[in-house]
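Listed below are the residues making up each chain.
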Amino acid sequence: MAYLELNNVYKTYGQGDYATEVLSNINLTIEEGEFVAIVGFTGSGKTTLVNLINGLLQPTRGEVLFKGLPVLGTSHERGVIFQNYSLLPWLTVGQNIFMAVKEVFPKKTKKELQELVAEYVDMVNLTPAINKRPKELSGGMRQRVAVARALAMKPEMIIMDEPLGALDALTRGNLQDEILNIWGKEKRTALLITNDVDEGIYMADRIIPLRPGPKATLGPEFKINIERPRDKTELNDNANFKETRNAIIEYLMDIGNERKSVEQEVYELPDLTPKSFVGRF
Amino acid sequence: MKQTVTLDRVTKFMGLGFLMTIKSLFTGDLDKEGFRNFLRKVVVPIASIFLFIGLWHMGAKSLYNIEADYKIEKALTEQGQEAADVMKACIASGDISCQPNTLPSPAQVWESYRSLLRDHQIIKADKDAFAEKTATLNAKRIAEGKDPITYTGRPSFVDQILTSLKTVFAGFLLALVIAVPIGVIIGLSKTLRSSVNWLIQIFKPVSPVVWLLLVFMIVKTLTKDSNSDSAFIISFISVGLCSMWATLVNTAMGVASVDKDYINVAKVLKLGPVQKVFKVILPSSLPLIFTGLRITLSVAWMVLIAIELLAQSPGLGSFVWEEFQNGAVDSNSKIIVAMFVIGGIGFLLDRIMLTIQNAISFNKTSGI
């Protein structure tokens, strides 16, 4: 039995004539302890897919199974790192995380919870900013808070919705390492949604491209056979890396071209000649 | 991370940033930019105040002349040349009996202001004397279980201001207690929102006078047997009902339009419904709720005058009305004094609300 299973999942927004089928016939299985990346263009329905898995949305057709049981709502077992941080602006960094862990571990004392918060804040190197509000932090720091919040809840599976999309390359690299570090230490199942192929290859065991929506569906998977821990600088010379990377990019380019050719419509222009005003005035 | 409290921060917080510019003028650390700021924030407003007073003075003077000319003209046509001359002399002498009744000049208003303060001193002394005189008697009456004798003399202007403030705060609290919870409930449920929307839309534009009459109908019946101060009850309930709509609508809107991301966070954390309301929905709609409360307080203060005037409840409203009915020489200028006092207190109340809003909410807004 797979850890997470999506069987023939369809998701449609709207009804009747206005219905748009965003996701179409999605089949996906993730085993326990695996790190899977889904790569896709922006607007291809990645966030919808994430929300189906974490339980914020229900599929129109098909089923989402988590440990063999259908996903009917959100659960603390599946932690989410949202694309746009989603921190509560009126709470400090510590309070944001505290609120989350308090819900997950209602039996722990306040002191234990605070220690837990401090531990995870330290893990993302934000101890000096623990009493600051999200507004006072940079984008990278905010994202780190979101990471700490998701991880402090100790979920069995981490779902990341383009967690690093809005960050600069340097911060991005650091955070990738931090996430990998934590994943390696605690061996959780992870699903990463991203638009960056390199990021996917660097972090994941498997990469699955998402064909652009409407009617987005998953493409063939690419296995990444590179030993962990991976080194970013060495990776560039790794033959396996180059090959996989080229294959994925080629595949995505092909989809892009396909889409363009489908969209190319020919508009017939009316045969008009502009009226001449010469000599009239 | 503790921010130090400086005068600069406090004044900015209260929307009184111009005070800082005045301070830097005295301390001497005023650069070119600061000087320009000083001109813009201090000199120009003060100049405009003088300009306003000047225009007012000239306007009042010309109105006075028109009224005086009319009086003389009237005496001439009705009683002949002799009466006109008498009238002219009478007006020029400043005799009270024949002063033209028109817009008072700034100087007259200032004089009335001082006379109102003097009047307050007199009444206060009178009150103190009364309290002293009846102290022993009252103590005895209380011991016997009777009501103490209270001062029933005329209230001074300051007493009336205090009464008005009491009424407006009672009304504001009533509005707060009614509008915020109902607004939250309406905001949470789309069904409720559409079911009470007609009610809000219909009652929102109803005039304060009509509210007063409605409240009067109800309170009159309810307080038939009690000897409580029904004028006060009627006026504060009317003030509350008139002014609560802004808070109600804003709260409902704030609650209904909470950022979807925050709702998602609440869902992912699996917060219970109560926790969701108190930890996510209320804090995020607080800025809008406070905007509503600010509007409510200013509306409350505005309608208060009209309501007091009609409800015969003591306060600034009835002060204005009584002065108008009085028709004494300084009545007009007393009304203008009341006008400035009303405006000043309204401004002060708004600043207080802004300060509280800034202290509570995470969205810092500066005063306009």
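For chain B, the name recorded in an unreviewed UniProt entry is ABC transporter permease, with Aestuariibaculum suncheonense as its organism. Its UniProt record gives chain B a comment under Sequence similarities (unreviewed entry), which states: "Belongs to the binding-protein-dependent transport system permease family." Regarding chain B, the UniProt comment filed under Subcellular location (unreviewed entry) reads as follows: "Cell membrane".

Looking at an unreviewed UniProt entry, one finds chain A named ABC transporter ATP-binding protein, with Aestuariibaculum suncheonense as its source organism.

Looking at this structure, how should I read the overall build of chain B?
Per the secondary structure count, chain B includes 13 helices and zero strands. Mapped from its N terminus to its C terminus, chain B presents α and β elements in the order α-α-α-α-α-α-α-α-α-α-α-α-α. Relative to a compact globule of 368 residues, whose C-alpha radius of gyration would be 21 Å, chain B shows 27 Å and is clearly more extended. Taking the principal axes of its C-alpha atoms as reference, chain B extends roughly 95 × 70 × 50 Å. Within chain B, the fraction of its 368 residues that count as buried is 27%.

Teacher, can you tell me more about the overall build of chain A here?
Along its length, chain A carries eight helices and ten strands. Each of the three principal axes of chain A carries a C-alpha extent, and together these read 90 × 55 × 50 Å. Scored against the burial criterion, the 281 residues of chain A give a buried share of 38%. Restricting to contacts in chain A with at least 6 residues of sequence separation, those with at least 24 account for 68%.

Just checking my understanding: could you explain the sheet that holds strand S1 (residues 4-13) of chain A for this structure?
Sheet strands line up and pair through hydrogen bonds in the backbone, either parallel or antiparallel. Strand order in the open sheet formed by four strands is S2-S1-S4-S5 (chain A), and the pairing between neighbours is antiparallel. Since the sheet does not close on itself, it has two edges, and those belong to strand S2 (20-30) and strand S5 (69-70) of chain A, each with one partner.

Any chance you could explain the UniProt feature "transmembrane region" (unreviewed entry) in chain B here in plain terms?
Residues and elements named next belong to chain B. According to UniProt, the "transmembrane region" (unreviewed entry) feature falls on residues 42-59, 167-186, 198-219, 231-256, 277-307 and 335-354. Split by type, residues 42-59 is 100% helix and 0% strand. Its first and last C-alpha atoms lie 26 Å apart. Within the segment residues 167-186, helix and strand shares are 100% and 0% respectively, and the terminal C-alpha atoms sit 28 Å apart.

Looking at this structure, I do not really get the interface of chain B and chain A. What am I missing?
The extent of an interface is frequently quoted as the accessible surface area lost upon association of the parts. Taken together, the contact pairs 14 residues of chain B with 17 residues of chain A. Breaking the side of chain B that touches chain A down by element, the ones donating at least two residues are helix H10 (260-268) and helix H11 (273-311) of chain B. With six residues, the single largest contributor to the side of chain B that touches chain A is H10 of chain B.

I keep staring at the pairing of strand S9 (residues 206-210) of chain A and nothing clicks. Help me out?
Strand residues, when the strand is regular, have side chains that alternate between the two faces of the sheet. All names here are of chain A. Across the five residues that make up S9, a large majority, four, are buried. The pairing of strand S3 (residues 35-40) with S9 spans five bridges and is parallel. The residue bridging Gly 40 from the neighbouring strand is Leu 210, located in S9. Note that S9 and strand S10 (residues 222-223) share two bridges and pair antiparallel. Residue Ile 207 lies in a different strand from S10, and its bridge partner there is Phe 222.

For this particular structure, what's the right way to read the environment of Gly 80 of chain B?
Residue and element names in this part refer to chain B. Positionally, Gly 80 belongs in the loop between helix H3 (32-79) and helix H4 (81-93). Residue classification places Gly 80 among the exposed positions, given that 10 C-beta atoms sit within 10 Å. Between the C-alpha atoms of Gly 80 and Ala 328, which are 248 residues apart in sequence, the distance is 28 Å.

Looking at this model, I keep getting lost on helix H3 (residues 110-123) of chain A. Mind explaining?
Because the α-helix completes a turn every 3.6 residues, residues three or four places apart line up on one side. All names here are of chain A. Taking 1.5 Å of rise per residue, 14 residues should cover 20 Å, and H3 covers 20 Å from first to last C-alpha, within 8% of that figure. Listed in full, the buried residues belonging to H3 are Leu 113, Leu 116, Val 117, Tyr 120 and Val 121. The arc that holds the buried residues of H3, viewed along the axis, is 130°, so those residues lie on one side. Seen from the buried face of H3, the exposed residues on the opposite side, beyond 90 degrees, are Lys 111, Glu 112, Glu 115 and Asp 122. Against the buried residues of H3 lie helix H2 (93-104) and helix H4 (139-152).

How do you make sense of the domain arrangement of chain A when you look at a structure like this?
All names here are of chain A. Domains assigned within chain A are domain 1 (1-75 + 165-254) and domain 2 (78-154). Look at where the C-alpha atoms of domain 1 and domain 2 centre, and you get two points 24 Å apart. Between domain 1 and domain 2, the contact holds twelve residues from the first and eleven residues from the second. Elements that contribute at least two residues to the side of domain 1 that touches domain 2 include exactly helix H1 (46-54) and helix H5 (169-186). Class assignment for the residues of the side of domain 1 that touches domain 2 results in six nonpolar, five polar and one charged.

Can you walk me through the domain arrangement of chain B in this structure?
Per the domain assignment, the segments making up chain B are domain 1 (31-95), domain 2 (104-154) and domain 3 (155-360). Between the C-alpha centres of domain 1 of chain B and domain 3 of chain B the distance comes to 38 Å.

Teacher, can you tell me more about the nonpolar core here?
Within soluble globular proteins, side chains that are nonpolar tend to cluster in buried spots. Among the nonpolar cores identified, the biggest contains 128 residues, and Ile 97, Ala 148 and Ala 152 of chain A together with Ala 300 of chain B are the most heavily contacted of them. Beyond its immediate sequence surroundings of up to four residues, Ala 152 of chain A is in contact with Ile 97, Ala 100, Val 101, Leu 116, Val 117 and Tyr 120 of chain A.

Please clarify how the sheet that holds S3 of chain A should be interpreted in this entry.
Residue and element names in this part refer to chain A. On the basis of which strands lie adjacent, the open sheet formed by six strands has the order S6-S7-S8-S3-S9-S10 and mixed pairing. Whereas interior strands pair on both sides, the edge strands pair on one side only; in this sheet they are strand S6 (78-81) and S10. Set on the sheet, H4 makes contact with S6 and strand S7 (157-161); between it and S6 the angle comes to about 175°.

Each value, and the rule that gives it
- All chains use their own residue numbering, which begins from 1 and follows the written sequence.
- Just so you know, chain letters begin at A and ligand numbers begin at 1, following the order they were written in.
- Where local features are concerned, this predicted model is filtered to residues with pLDDT of at least 70; where side-chain atom pairs are given and counted, the filter is 80 or more; whole-chain, interface and lining totals use all residues.
- UniProt positions are given in the numbering used here, feature names are shortened, and annotations may be inferred rather than shown by experiment.
- Secondary structure elements follow DSSP: runs of H or I of four or more residues count as helices, runs of E of two or more count as strands, with numbering from the N terminus.
- Radius of gyration here uses only the C-alpha atoms, and the compact-globule reference equals 2.2 Å multiplied by the residue count raised to the power 0.38.
- Partly exposed residues are those falling between the two cut-offs: more than 12 but fewer than 20 other C-beta atoms within 10 Å of their own, whereas 20 or more means buried and 12 or fewer means exposed, with C-beta atoms placed from the backbone.
- Once C-beta atoms are placed from the backbone, any two residues with those atoms within 7 Å are in contact.
- A pair of strands counts as paired when DSSP detects no fewer than two bridges linking them.
- The length a helix should cover is 1.5 Å for every residue beyond the first.
- Picture the helix axis, draw a direction to every C-beta atom, and the arc is the one those directions span.
- Segmentation of the chain into domains, including their bounds, is taken from an automatic or database domain assignment.
- Lys, Arg, Asp and Glu make up the charged group, whereas Ala, Val, Leu, Ile, Met, Phe, Trp, Tyr, Cys and Pro make up the nonpolar group; the residues left over, Gly among them, are polar.
- A set of buried Ala, Val, Leu, Ile, Met, Phe, Trp, Tyr and Cys residues, joined through C-beta atoms within 7 Å, is what we mean by a nonpolar core.
- Helix axes are fitted only over the stretch in contact, all axes being lines through C-alpha atoms; the angle between N-to-C directions runs from 0 to 180 degrees.

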